[in-house]
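Coordinate analysis (summary)
So the chains spell out like this:
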Amino acid sequence: MTLPQRVSFRQALVLRLVLAFFGAWYNKRGKRLRKGENNCLRGMSMLSMLPGNGLKLPRGVRTTLQTKLMLLIALAAAIPLLTLGYVLYHKSSGTINEQFGRYGENSASQLQFQIDSTLGQMKYTVSDILSYLLDPKFTVLHEEVPTTYKGFQEEQQLEQYLKAHKSLDMKGIFLITKSGYYYGERIIRFDLLKAEPWFRDDADGYRFDLYEPKHYNDTARIPGEKVIGLLFRIRNQMGVLENSSILIQTNADKLLRMFHEFEQDTGALLTITGGGKTVYQTEGSFAKRDDDVVWTKHSDETDWTIEVRTPYEQFYKPSLLIRTFTFSAVSLSIVLAFVLAYMCSAPLLRRVKKMKESIRRVSLGKLDTRIDVQTEDELGLLAHSFNRMVGQLRTMFHEMKQAERQKKEAELRALHHQINPHLLINTLASIQWKARLAGAAEVNKMIYHLTNVLDGNLNVDREVVTLERELEVIDHYLNLQELRYGSVFAYRIEAAGVDLSAVDIPRMTLQPLVENVFFHAFEDGEGTIVLRVEADGAEVLVSMIDDGKGMGELTRQQLLQPHPDGVRKRRSIGLRNVEERIKLHFGEAYGLSVQSAPGAGTCIVIRLPIKAKEGIA
């Protein structure tokens with residue numbers, strides 16, 4: 001039997017019946033599908049609003065479940081993998097960076113030690129020579145250029161002394177007079193020496209420098225050779241050695257080789273400065289950046305400053321490699337999880353799609369539809385139940401039709417009850433605009449506050465609202481009373497330090513209490529009301545204090561007692577009603593307490609719980 005393609009009331013009702021049956025079946029079996037049942041009910045409500053232009057199920061229905069299953073399986077694998085990958089990357093990269101930083105620091109310190117050791121030996125040699133030359137017991141030289149046998153002996157003795165201090169790495173030790181005559185190995189030319197910029201510097205103290213010596217004669221000069229020179233001016237000597245200089249030059253090949261090895265091992269850029277100039281710098285051009293890792297060491301023997309600068313990319317290269325490998329492995333694992341999720345969900349989804357197609361056929365009126373049951377798992381049991389359900393549809397159809405008619409009538413009645421408050425509020429809004437256009441500011445304010453009060457009290461969607469919302473409504477109500485009674489009435493709300501959005505209260509709780517103040521405590525609205533909100537541990541105390549005429553002890557005790565025969569006063573809903581609603585929603589530990597005395601005003605305290613934050617037991 002094939003029915004027309006237009007959706008009739010019968011077809012929609014059959015589909016709704018199918019969906020309702022499945023929801024009831026799952027509920028009966030105790031499966032964890034309460035959310036799915038609610039979705040079915042929402043789907044039935046939507047079906048009742050479908051136009052008669054043909055039933056077409058949305059395409060997303062055929063893919064949503066499979067997508068969810070794939071995402072669920074993939075997320076179950078991806079979240080632990082991502083977490084583990086992040087932790088491993090964070091820990092390993094932190095450890096490697098720390099070790100590499102410690103290695104760089106130790107290498108820079110070792111470099112400083114080697115430099116200080118070489119330069120310190122040279123300073124020690126100068127100090128020893130000075131001690132010999134400045135010995136007051138004898139005069140080392142009596143004539144600058146020897147012309148006598150004694151002069152030749154003195155020169156030979158001094159050169160032997162200088163030669164005795166020469167180490168294997170030293171190029172030479174020279175004692176140079178101010179006229180240019182020198183003692184030591186005959187390998188330098190004074191005319192070239194005095195042209196050297198470092199020699200022209202007449203500063204006192206130990207003057208170290210790294211340079212290529214151009215003052216050697218042809219037999220001693222080696223192209224490209226560099227030396228470390230120490231120049232010391234003798235200022236406190238008289239006679240032949242007055243204003244002479246001590247020059248020690250050490251081969252720098254060993255030190256430079258250590259610099260190059262350090263640069264290759266660490267990938268760092270080495271810069272040594274001293275005397276206002278650069279003594280040594282790594283070959284090549286590079287741009288300094290603020291995020292470079294820099295170690296700075298100061299020589300204990302000289303004014304040299306050693307700067308070891310490691311570029312950001314070089315320092316964090318091991319961490320970046322670890323990050324790349326880690327997240328590549330995680331990404332591949334996630335892709336594999338998606339593939340496995342698809343392979344695992346595809347067979348299951350094929351059966352679900354067949355079942356969905358059978359449901360669709362029944363919804364079109366094809367009541368001869370049956371599902372071929374091949375397994376006895378949950379889906380197989382569901383198919384058995386579906387087949388039994390289809391056989392019962394004809395009998396249930398008339399019952400569902402009657403229930404549908406009754407439901408429609410109930411929905412119309414509920415809609416009618418909702419229209420009246422909206423009509424009243426919209427009418428007040430129109431009157432408010434008329435008052436504003438007419439320039440009646442006070443009437444405009446009163447209607448504005450009245451509209452907000454009605455909007456809060458007539459909203460039947462929620463029985464429980466936040467304390468913040470309830471205080472907003474009561475603020476509009478008190479503003480309305482203030483406009484009514486004028487300056488004889490005042491109020492204030494104190495709620496500092498309390499999160500009002502975290503406290504629930506039954507709707508329309510405070511307004512009856514405030515109304516009682518105006519009806520029973522104040523004379524012609526004269527008085528002051530204070531609404532105070534205070535935290536008390538895991539609870540909140542809302543105190544309403546007035547300075548009205550108060551009440552006696554007997555009256556106070558009767559306020560919260562049940563009314564005889566259920567009779568209530570006409571001018572207020574009553575304190576007892578408020579008390580009962582609070583206990584109904586929050587339990588017997590919460591409710592009202594009243595303190596009052598004749599002529600001393602009244603204090604009503606409402607005790608409410610604070611909502612627990614999510615994730616906290």
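Description of the structure in this document. Residue numbers here run from 1 along each chain, matching the order of that chain's written sequence. Where totals are concerned, whole chains, interfaces and linings use all residues; where local detail is concerned, this predicted model gives features only for residues with pLDDT of at least 70, and gives and counts side-chain atom pairs only at 80 or more. Computation of side-chain values: all heavy atoms of the structure, hydrogens and water removed.

1. A word on the environment of S501
- Think of it this way: any DSSP run of H or I at least four residues long counts as a helix, any run of E at least two long counts as a strand, and we number them from the N terminus. One can find S501 in the loop between strand 11 (489-494) and strand 12 (504-506).
- Partly exposed describes any residue whose relative accessible area lies between the buried limit of under 20% and the exposed limit of over 50%, with all areas from a 1.4 Å probe on protein chains only and scaled to the type maximum. A residue is classified by how much of its surface remains accessible, and S501, at 34% relative accessible area, is partly exposed.
- S501 has contacts with T466, E468 and K611, leaving out every residue within four places of it along the chain.
- Under the rule applied, a polar contact is a pair of N or O atoms within 3.5 Å (in protein, one hydrogen donor and one hydrogen acceptor; residues adjacent in sequence only if both atoms are side-chain atoms). In this structure the side chain of S501 is engaged in a polar contact, spanning 2.7 Å, whose partner is the side chain of D499. By the convention used here, residues are in contact when the closest approach between their heavy atoms is within 4.5 Å.

2. Quick notes on the packing of aromatic side chains
- The rule is short: rings of Phe, Tyr and Trp, with Trp giving its six-membered ring, pair when the centres are within 6.5 Å, and they are stacked under 30 degrees, edge-to-face over 60, tilted in between. The final tally for this structure, using the stated rule, is 10 aromatic pairs.
- Ring centres of Y132 and Y161 lie 4.0 Å apart, and the angle between their planes is 15 degrees; on these two criteria the pair is classed as stacked. Here the residue Y132 occupies a position in helix 3 (residues 61-133), and Y161 occupies one in helix 4 (residues 149-164), the gap between them amounting to 29 residues.
- Look at F174 and Y182: their rings are 6.0 Å apart centre to centre, the planes differ by 80 degrees, and that puts the pair in the edge-to-face class. The pair F174 / Y182 is uniform in exposure class, with both members buried.
- Among the aromatic side chains, those forming a connected cluster through ring pairs are F190, W198, F199 and Y211.
- Positioned over the ring face of Y206 is K123, at 5.0 Å from the centre of the ring.
- Our definition puts a charge over a ring when NZ of Lys or CZ of Arg is within 6 Å of the ring centre and also within 35 degrees of the ring normal. Stacked on the ring of F199, the Lys or Arg R233 has its end atom at 4.8 Å from the ring centre.

3. With respect to the side chain of D116
- Note on placement: D116 falls in helix 3.
- For the buried D116, no salt bridge exists, and the shortest N-O distance to an oppositely charged side chain is 8.6 Å, to K123.
- Side chain to side chain, D116 and S299 meet in a polar contact 2.3 Å long.
- What D116 contacts, discounting residues up to four positions off in sequence, is S299, D300 and E301. In this tally, Lys and Arg are treated as positive and Asp and Glu as negative; His is ignored, and so are the chain termini. Here, a salt bridge means any side-chain nitrogen of Lys or Arg that lies within 4 Å of a carboxyl oxygen of Asp or Glu.

4. Brief notes about the pairing of strand 13 (residues 527-536)
- Bridging between strand 11 and strand 13 involves 6 bridges; their strand directions are parallel. The partner of R492 across the bridge, within strand 13, is V530.
- By the bridge criterion, 8 bridges tie strand 13 to strand 14 (residues 539-546) in an arrangement that is antiparallel. Counted as the bridge partner of A535 is V540 from strand 14.
- In this scheme, strands are said to pair when DSSP sees at least two bridges between them. Taken together, strand 13 and the strand that follows it, strand 14, pair antiparallel across an intervening segment of 2 residues, in which G537 is found at a positive phi of about 70 degrees.

5. Observations concerning the pattern of salt bridges
- As enumerated under the stated definition, the model contains 18 salt bridges in all.
- With a closest N to O distance of 3.6 Å, K611 and D504 form a salt bridge. With K611 in the segment after strand 16 (602-609) and D504 in strand 12, this pair connects stretches of sequence that are 107 residues apart.
- D504 gets classed as buried once you look at its relative accessible area, which sits at 16%.
- Ionic contacts of the salt-bridge type, sharing partners, join the residues E155, E159 and R186 into one network.

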